[in-house]
Amino acid sequence: MNANQAKYPQLRFKGFTDHWEQRKLGKMGYTFTGLSGKTKEDFGHGNAKFVTYMNVFSSPVSNSEMVENVEVDSKQHQVEYGDVFFTTSSETPQEVGMSSVWLETAENIYLNSFCFGYHPMVEFDPYYLAFMLRSPVIRKKFMLLAQGISRYNISKNKVMEMLVPVPEIVEQQKIGSFFKELDDTITLHQRKLAKLKELKQGYLQKLFPENGSKFPQLRFAGFADAWKQRKLSDFSKTTYGGGTPKTAVTEYWDGNIPWIQSSNLTVDDVQEVNLDKFITDDAIKNSAAKLIPANSIAIVTRVGVGKLTLMKQEFATSQDFLSLSELHVDEQFGLYSIYKLLQKELNNIQGTSIKGMTKADLLTKDIMIPVEKDEQIKIGSFFKQLDHLITLHQRKLKKLQELKKGYLQKMFC
C-alpha cells in the first residue's frame with residue numbers, strides 16, 4: 001500500500017474533510033527495550049518503578065498506579081510522557097501487540113522486559129494515538145504480524161513498518177478528546193457498578209445471621225424475634241431434577257417451554273436468565289426432561305455451582321439442576337438466602353474436574369429464616385430492588401462499551 005494513499009474514516013467531526021495520510025510508525029519515532037539484565041532479586045524494592053505487562057495489556061492509556069518497585073539503574077531506558085508500550089507475545093494472535101500510552105512525567109520509570117517501547121518524534125495527540133492503536137483496523141494488522149504456534153510473538157521491526165492513519169493534529173485532538181471522555185464515562189459506570197456489588201455483599205453479611213447467631217446484625221424496623229434454623233428441604237413441598245432431551249430428535253426442540261442450563265445463568269445476577277432454548281410437550285412426555293411449575297427456584301448443583309434463579313413461568317432444566325417448587329417461604333427471600341448459602345459453600349465443594357454438590361447434600365444444609373413472613377418479604381424485596389439497580393448499571397455499561405466499539409470501528413481508517 002502506498003503510504004500517501006488517500007484514506008477517509010467512515011465517521012468524522014464536522015469541518016474536517018482532508019484525507020488521512022498513512023505513515024509508517026518507524027518513520028515517525030524510534031523503539032526502545034524494556035528492563036534488561038535483571039534477576040528476580042532486583043524486584044520488589046528500590047526507588048524506581050516499572051510499568052507492568054498487565055498495565056500495558058489492559059488499557060489503551062497506562063495506569064500510573066499499576067507499577068512495581070525496582071532499583072534505580074542508570075543503564076535502563078526511562079519512559080517519557082507520550083511513549084507507547086507494546087506487548088511482544090501472547091497466547092493468542094488476537095491479543096498480541098496490545099498497546100498503551102504513558103501519560104506521566106515522573107522520573108525513574110522503566111518498562112517491563114516483556115514489552116517494547118516507542119517514542120514518537122512527530123506531534124501526536126496522545127489520546128488519539130492511544131485509541132487509534134486499539135482500533136479494529138490497526139488490531140487486524142497486529143494479528144497478521146503474529147507468529148507462533150503455542151505462543152504468538154511480534155517483531156518490533158515489522159511493527160515499525162506498519163502503516164497507521166495520521167490526520168491533522170486538530171482532528172487528532174478532537175478524536176482523542178472524544179474517546180477520553182467516553183472512556184472516563186465507562187470507568188465511572190464501572191466504579192458505580194463495583195460499589196453496588198460491594199454494597200450487596202455487605203448487606204448479605206448483615207441482613208442474615210452469621211456464625212451461629214439467631215439474630216442478623218441489621219434489621220428492618222419492627223422486627224426483633226430470633227430467627228429459626230431450618231433445612232433447605234423445608235423450603236418447598238416438592239423438588240425436581242432435570243434432564244436433557246436428545247438434540248437429534250427435532251420434535252423435542254423449538255417449542256414453547258423454556259429449557260435452561262448453567263450457561264443461561266450468572267453467579268452475580270440471580271434475576272437475569274438468558275432464555276435461548278425451548279422444548280416441546282413431546283420432550284416432557286418422552287424424555288428425561290421434567291415440567292417444573294412456575295415460581296420455582298432453580299439451583300445449579302454441578303457445572304457452574306453457585307448459580308440460581310427464580311423462574312416465574314413453567315420451565316425445564318438440564319440434569320445439573322435441583323429445583324424447589326411450591327415454596328414455604330417468600331420466594332425472593334428464599335432465593336437470596338440460598339444464594340448466600342451457596343457463596344459460603346463454594347469453598348467446600350467436593351469434586352475434581354467437575355466441581356459440584358449432590359442434590360441430597362444440598363437439601364440437608366441448614367438455613368436461618370425469620371419467624372415472621374413479613375420480614376422475609378422485606379428482605380427479599382430489598383435484595384430484588386438492589387439487583388435490579390445493579391442490572392440497570394450493567395446494561396448501561398454494556399451499551400457504553402458497545403458504543404465505544406462502534407466508534408472505534410467507524411472513526412479510524
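Treat the numbers as computed from the prediction; the structure is a model and nothing was measured.

**A short note on the overall build of the chain**
Right, on to step 1. In terms of helices and strands, the chain carries 9 helices and 23 strands.
Right, on to step 2. If one aligns the C-alpha atoms of the chain with their principal axes, the spans along those axes are about 75 × 55 × 45 Å.
Right, on to step 3. Buried positions account for 44% of the 413 residues belonging to the chain.
Right, on to step 4. Considering only residue pairs separated by 6 or more positions, the chain has 74% of its internal contacts joining residues 24 or more positions apart.
Right, on to step 5. Summed over all atoms, the accessible surface of the chain reaches about 21,500 Å², with 49% contributed by carbon and sulfur.

**Structural notes on the packing of aromatic side chains**
Right, on to step 1. Under the definition given, this model contains 21 aromatic pairs.
Right, on to step 2. Measuring from centroid to centroid gives 5.3 Å for Phe43 and Phe50, while their planes differ by 75°, and the two rings are edge-to-face.
Right, on to step 3. Phe43 gets classed as partly exposed once you look at its relative accessible area, which sits at 29%.
Right, on to step 4. Taken together, a centroid distance of 4.8 Å and an interplanar angle of 80° make the contact between Tyr203 and Phe382 edge-to-face. Of this pair, Tyr203 sits in helix α5 (residues 169-206) while Phe382 sits in helix α9 (residues 373-410), and the two are 179 residues apart along the sequence.

**Considering the environment of Asn63**
Right, on to step 1. Take Asn63: it is sitting in the loop between α1 (53-58) and β4 (67-70).
Right, on to step 2. Separated by 37 residues in the primary sequence, Asn63 and Ser100 place their C-alpha atoms 9.2 Å from one another.
Right, on to step 3. With residues up to four places along the chain from it excluded, the contact list for Asn63 reads Asn55 and Trp102.

**Here we look at the side chain of Ser99**
Right, on to step 1. With respect to the element layout, Ser99 can be found in strand β7 (residues 99-101).
Right, on to step 2. In contact with Ser99, not counting residues within four places along its chain, are Val56, Ser59, Pro60, Val84, Phe85, Phe86, Leu133 and Arg134.

**With respect to the sheet that holds β4**
Right, on to step 1. Within the open sheet, the 3 strands sit side by side as β4-β3-β8. Their pairing is mixed. The strands lining the two open edges of the sheet, one partner per strand, are β4 and β8 (109-111). When the angles between neighbouring strand axes are averaged without regard to direction, this sheet yields 60°.
Right, on to step 2. Here 3 bridges tie strand β3 (residues 43-51) to β8, and the two strands are oriented parallel to one another. Note that in β8 the partner of Lys49 across the bridge is Ile109.

**Description of the pattern of salt bridges**
Right, on to step 1. Under the criterion given, the structure shown has 16 salt bridges.
Right, on to step 2. Note that Arg219 is salt-bridged to Glu375, the shortest N-O span being 2.9 Å. Taken together, the positions of Arg219 in the loop between α5 and β13 (228-231) and Glu375 in helix α9 put the pair 156 residues apart, joining distant regions of the chain.
Right, on to step 3. Judged by relative accessible area, which is 22%, Arg219 ranks as partly exposed.
Right, on to step 4. Put simply, Lys38, Asp73 and Lys75 are held in one network by salt bridges that share partners.

**Here we look at the UniProt feature "domain: Type I restriction modification DNA specificity" (unreviewed entry) in the chain**
Right, on to step 1. When the UniProt feature table is mapped onto this chain, "domain: Type I restriction modification DNA specificity" (unreviewed entry) is found at residues 19-197 and 226-401.
Right, on to step 2. Between the C-alpha atoms that bound residues 19-197 the distance is 47 Å, and the span itself is 32% helix and 27% strand.

**Let's talk about the sheet that holds strand β20 (residues 321-327)**
Right, on to step 1. Sheet architecture is open: 4 strands sit in the order β14-β20-β17-β18, paired in antiparallel fashion. The open sheet is flanked by β14 (236-240) and β18 (308-311), the only strands paired with a single partner. In this sheet, adjacent strand axes meet at a mean angle of 25° when their direction is disregarded.

**Focus: the pairing of β20**
Right, on to step 1. With 6 of its 7 residues buried, β20 lies for the most part within the structure.
Right, on to step 2. The pairing of β14 with β20 spans 4 bridges and is classified as antiparallel. For Ser236, the partnering residue across the bridge sits in β20 and is Leu327.
Right, on to step 3. Of the strand pairs in this sheet, strand β17 (residues 296-300) and β20 are connected by 4 bridges, and their pairing is antiparallel. Paired with Ile297 across the bridge in β20 is Leu324.

**Concerning helix α7 (residues 331-345)**
Given 3.6 residues to a turn, an α-helix orients residues that are three or four positions apart in the same direction.
Right, on to step 1. Here α7 contains 15 residues, and its C-alpha end-to-end distance of 21 Å stays within 8% of the 21 Å for a straight helix at 1.5 Å per residue.
Right, on to step 2. Among the 15 residues that make up α7, 12 are buried, leaving the element largely enclosed by the rest of the structure.
Right, on to step 3. Those residues of α7 not exposed but buried are Gln332, Phe333, Gly334, Leu335, Tyr336, Ser337, Ile338, Tyr339, Lys340, Leu341, Leu342 and Glu345.

**Topic: the packing of α5 against α7**
Right, on to step 1. At a minimum axis separation of 11 Å, α5 and α7 run at an interaxial angle of 95°. Put simply, α5 runs roughly perpendicular to α7. On α7, the residues that touch Lys200, Gln201, Leu204 and Gln205 of α5 are Tyr336, Tyr339 and Lys340.
Right, on to step 2. Across the contact of α5 with α7, the residue classes break down as 3 nonpolar, 2 polar and 2 charged.

How each quantity is defined
Residues numbered from 1 in each chain as written. Predicted model: local features only at pLDDT ≥ 70, side-chain atom pairs only at ≥ 80, totals over all residues. Heavy atoms only, no water. Helix = DSSP H or I, 4+ residues; strand = E, 2+ residues; numbered from the N terminus. Buried < 20%, exposed > 50% of the residue type's maximum accessible area, 1.4 Å probe, protein only. Contact = heavy atoms within 4.5 Å. Areas by Shrake-Rupley, 256 points an atom, 1.4 Å probe, with all protein chains shown as cover. Phe/Tyr/Trp six-rings, centres within 6.5 Å; stacked < 30°, edge-to-face > 60°. Pairing = 2+ DSSP bridges. Axes fitted to C-alpha atoms, helices over the stretch in contact; angles between N-to-C directions. Salt bridge = Lys/Arg side-chain N within 4 Å of Asp/Glu carboxyl O. UniProt positions renumbered as here; feature names shortened; annotations may be inferred. Expected span 1.5 Å × (residues − 1). Parallel < 35°, antiparallel > 145°, perpendicular 65-115°, else oblique. Nonpolar A, V, L, I, M, F, W, Y, C, P; charged D, E, K, R; others polar.

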